[in-house]
Amino acid sequence: MTAAHTHNCAAVGCQKQVPLNLLMCMEHWRMVPAPLAREVNKAWRIRDRGEARTLAYQAAVAAAVKAVEAKQHRKIAERSGGQGDLLAGDDFGI
Ligand SMILES: [Zn+2]
């Protein structure tokens, strides 16, 4: 596999190289909710049939990236559970 046939995983902060016909590495693609994954695949197949389709594909990709990002944030929050990092605001200071 040469670099010309791969691109970075679309997930935020992921540097994994994936084939051009895949949006994300398997790890992140599995985090995309199934209906959204279907939408991305469908939009990918018809993405070059006009500007509206291209935009629809980009919107589906953006939604998938967002869904993965939200899941990752939740994971991080769960892992640091009890540390209070995300809830610190009100309990400190006064
Ligand atoms: Zn990835």
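All of the points below concern the structure found in this document.

### Some details on the overall build of the protein chain
Along its length, the protein chain carries 3 helices and 2 strands. Split into buried and exposed, the 94 residues of the protein chain put 14% on the buried side. Within the protein chain, contacts between residues separated by at least 24 positions form 33% of all contacts whose residues are at least 6 apart in sequence.

### Considerations on the nonpolar core
Listed in full, the 12 residues of the largest apolar core are Cys9, Ala10, Ala11, Leu23, Met24, Val32, Val40, Tyr57, Ala60, Ala64, Val65 and Val68. Counting residues per element, this core draws most heavily on helix H3 (residues 51–79), which supplies 5 residues.

### Details of the environment of Leu36
Within the fold, Leu36 resides in helix H2 (residues 34–45). Assessed through the 16 C-beta atoms surrounding it within 10 Å, Leu36 is described here as partly exposed. Counting along the chain gives 27 residues from Leu36 to Ala63, while the straight-line C-alpha distance between them is 7.6 Å.

### A look at H3
With 29 residues, H3 ought to run about 42 Å at 1.5 Å a step, and its terminal C-alpha atoms sit 42 Å apart, in line with that. By the burial criterion, the buried members of H3 are Tyr57, Ala60, Ala64, Val65 and Val68. On the buried face of H3, the contacting elements are helix H1 (26–29) and H2.

### Observations regarding the environment of Val12
Tracing the sequence through the fold places Val12 in the loop between strand S1 (6–8) and strand S2 (17–19). Given 12 C-beta atoms within 10 Å, Val12 falls into the exposed group. Expressed as a C-alpha distance, the spacing of Val12 and Val65, which sit 53 residues apart in the sequence, is 7.1 Å.

Calculation rules
Residues numbered from 1 in each chain as written. Predicted model: local features only at pLDDT ≥ 70, side-chain atom pairs only at ≥ 80, totals over all residues. Helix = DSSP H or I, 4+ residues; strand = E, 2+ residues; numbered from the N terminus. Buried ≥ 20, exposed ≤ 12 C-beta atoms within 10 Å, placed from the backbone. Contact = placed C-beta atoms within 7 Å. Core = buried A, V, L, I, M, F, W, Y, C linked by C-beta atoms within 7 Å. Expected span 1.5 Å × (residues − 1).

Everything listed here is a matter of coordinates, which is why it stays silent on function.
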